[in-house]
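Residue strings, one per chain:
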Amino acid sequence: MIHFDEAHRAVYYPDDRRFRVWIRPSILILLLILGLGPFVLAWMQNAIFELPYIAPATASHESVASGPYGFPFWIRWSHFFNLLFLFMLVRSGLSILMEHPRLYFNDHCTPGTEWIRFTPLRVPMDRIWTSKQDARYISPMVATPGYRHTVGVARSWHFITVYGFVLTGVFFVIGLFTTEQWRRLVPTSPDIFAQAWKIFVYYANLHLPPEPNGFYSYNPLQQLSYFATIFIMAPLSILTGMAMSPALVNRFPVYAKLFGGRQAARSIHFVMLMGFIGFTIVHVTLVALTGFARNMNHIVLGTDDLRPAGMILGFVGIAAVVFSWIGAHYVSWYFPRKLQHAQKAVTQPAKLITLDQLLPNQHYRKDQISPRLWPNGKMPERRDWKQLAAGNFKDYKLKVAGLIENPVELSLADLRALGQQEFITMHHCIQGWTGIAQWGGLPMKKLIEHVKPKPSAKVIAFYSFGPSLFSPTYYETQTLDNALKPECLLALEMNGEPLPAIHGAPLRLRVENQLGYKMVKWIERIEFVESEKQLGKGEGGSDEDDEYFDLLPNI
Ligand SMILES: Nc1nc2c(c(=O)[nH]1)N[C@H]1C(S)=C(S)[C@@H](COP(=O)(O)O)O[C@H]1N2
Ligand SMILES: [Mo]
């Protein structure tokens, strides 16, 4: 259980819980034109020409139905599970969004370049403002688990339920195409757009067009919007979700470019989330307006009549979905560790054979380097670090110990002498921001060869001079395997200069196939151990221990 002592309260339930949405004026105007434009046209058409003629739908009885009709059990169950999983994804997605409440179309994430933000705050430029400070509160009524800085727990829900969402979708689409049901959803004539527009003119003028009985066919606008939701929005959500994986994007940078870049992918992922919410609101409204009892019988019982049974059972189903949110809320705060382990059990094996196999291979150019990288974490407060910093780290010695043949203490000059590598890579923070920088230093592979791990050494722990959110020492671990991969670096330099204090002086880790929190800054010492279970609370690092982050963050 997460105890709400003073330190946790300050993080999760801060005094400043204001919520504001700010949209860049040019984007706001664009959204207004795109959103209101069709309505204005529809109003004008009605004012000038009156409502267009729409022939009443014919098929309303089995004997005259020309195509597939009805809702077999697999459609009805997919519909329910889709609702269940989609809204878990939406709710956990909102918690993840508020972790970095700004969206961009550029991968630098420079403050001021966002197109939308969900915080009243502008980034102060006269003092350090970390991305963790920037996270915002969201009510647990609308998000799972809600509150502030709950990205670890929210990701557990997101990554568990995404399996359900994808499986439901695959099951449903296989069903569609192995039966005739696809004919009800997939438009086959370009006429559909003109037909759909006529329907829209009715809705926009607050009139109901002659509606077909949905048991037999959908109206053209309905068909188009179902089609878009299933065959465009859902796949695009999945694909843009994947485009946020550091392992994937750092192996195949071109994949993110398909969507206009890593941050454009995040923005599209958000727009899809809004699309699903918008779709649901309109869908439910029209289901209610066009014969609620009959429509509920269609999708719940698969019958076409006016009895109240479908409606009643439907409300039970909706109650079950709402109950899943309440249940998820309690699991999040009372059993976060169990949840973290459940997520690990379902996702880690899959990651190990997929994303984790991708070797980072990025080649950004110098002119693509970000003007500024968001800083994160708490600066060291320790006197020894401050003294070392005052002397430009001349007296700094990295201590390397544990299960190795050759324990050493290495000065910065020793580290430089052991090997040098440079690369320009994109940093991915779990909170959502990215940034491109050049890093220079000693490949971990070289250090490992130098200190000669014993066969029992499997995990490398990096300890910082700085504190974590809730404890005096930030630490994180890497498996020996991952540390031997390319682009795993003990960085002494950033953008060709010695590491600035805020970015981890004198030494930090870079692990380009994982998320930022693995990249310990202000490294004091390194220890080779058998298992991460021996350290801290045994989860693999400060953020895994205290914030329920993943041990293996390839995504
Ligand atoms: N010692 C320490 N290192 C840390 C952190 C921290 O809190 N303490 N935060 C991590 C996180 S979450 C990120 S995203 C990166 C940020 O690196 P930057 O500040 O250089 O951009 O540092 C990582 N290293
Ligand atoms: Mo991060």
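Quick look at the structure, then. These numbers come from a predicted model, not from an experiment.

Right, let's get into a nonpolar patch on the surface. On the surface, a nonpolar cluster with roughly 980 Å² of combined accessible area is contributed by Leu-28, Leu-32, Leu-36, Phe-39, Val-40, Leu-41, Trp-43, Met-44, Ile-48 and Phe-49. Of note, Leu-32 is situated in helix α2 (residues 25–49).

In space, the 5 strands of this open sheet follow the order β5-β4-β13-β8-β9, with mixed pairing throughout. The open sheet has two free edges, formed respectively by β5 (408–410) and β9 (475–479), since each of these has just one partner strand. This sheet shows a mean twist of 20° between the axes of neighbouring strands, independent of strand direction. When strand β8 (residues 459–464) meets β9, the two strands line up antiparallel, connected through 5 bridges. Among the inter-strand pairings, Ala-461 is bridged to a residue of β9, identified as Thr-477. Packed onto the sheet, helix α17 (residues 444–451) meets β4 (398–402), β5, β8 and β13 (523–529) and runs at close to 140° relative to β5.

Before going further, it helps to examine the site of ligand 1. Residues in contact with ligand 1 amount to 19 residues; listed here are only the nearest, Trp-374, His-503, Arg-508, Met-519 and Lys-521. One of the side-chain nitrogen or oxygen atoms of Ser-464 is found 2.9 Å away from a nitrogen atom of ligand 1. One of the side-chain N or O atoms of Arg-508 is found 2.6 Å from an oxygen atom in ligand 1. With the chains in place, 99% of the 530 Å² that ligand 1 exposes on its own is no longer accessible. Of the residues in the shell around ligand 1, the class split is 10 nonpolar, 6 polar and 3 charged.

Calculation notes
- Residues numbered from 1 in each chain as written.
- Chains lettered and ligands numbered in written order.
- Predicted model: local features only at pLDDT ≥ 70, side-chain atom pairs only at ≥ 80, totals over all residues.
- Heavy atoms only, no water.
- Patch = residues over 30% accessible without salt bridge, like charges linked within 9 Å, V, L, I, M, F, W, Y side chains within 5 Å.
- Areas by Shrake-Rupley, 256 points an atom, 1.4 Å probe, with all protein chains shown as cover.
- Salt bridge = Lys/Arg side-chain N within 4 Å of Asp/Glu carboxyl O.
- Helix = DSSP H or I, 4+ residues; strand = E, 2+ residues; numbered from the N terminus.
- Pairing = 2+ DSSP bridges.
- Axes fitted to C-alpha atoms, helices over the stretch in contact; angles between N-to-C directions.
- Contact = heavy atoms within 4.5 Å.
- Near = heavy atom within 4 Å.
- Polar contact = N/O pair within 3.5 Å; in protein donor to acceptor, adjacent residues only side chain to side chain.
- Nonpolar A, V, L, I, M, F, W, Y, C, P; charged D, E, K, R; others polar.

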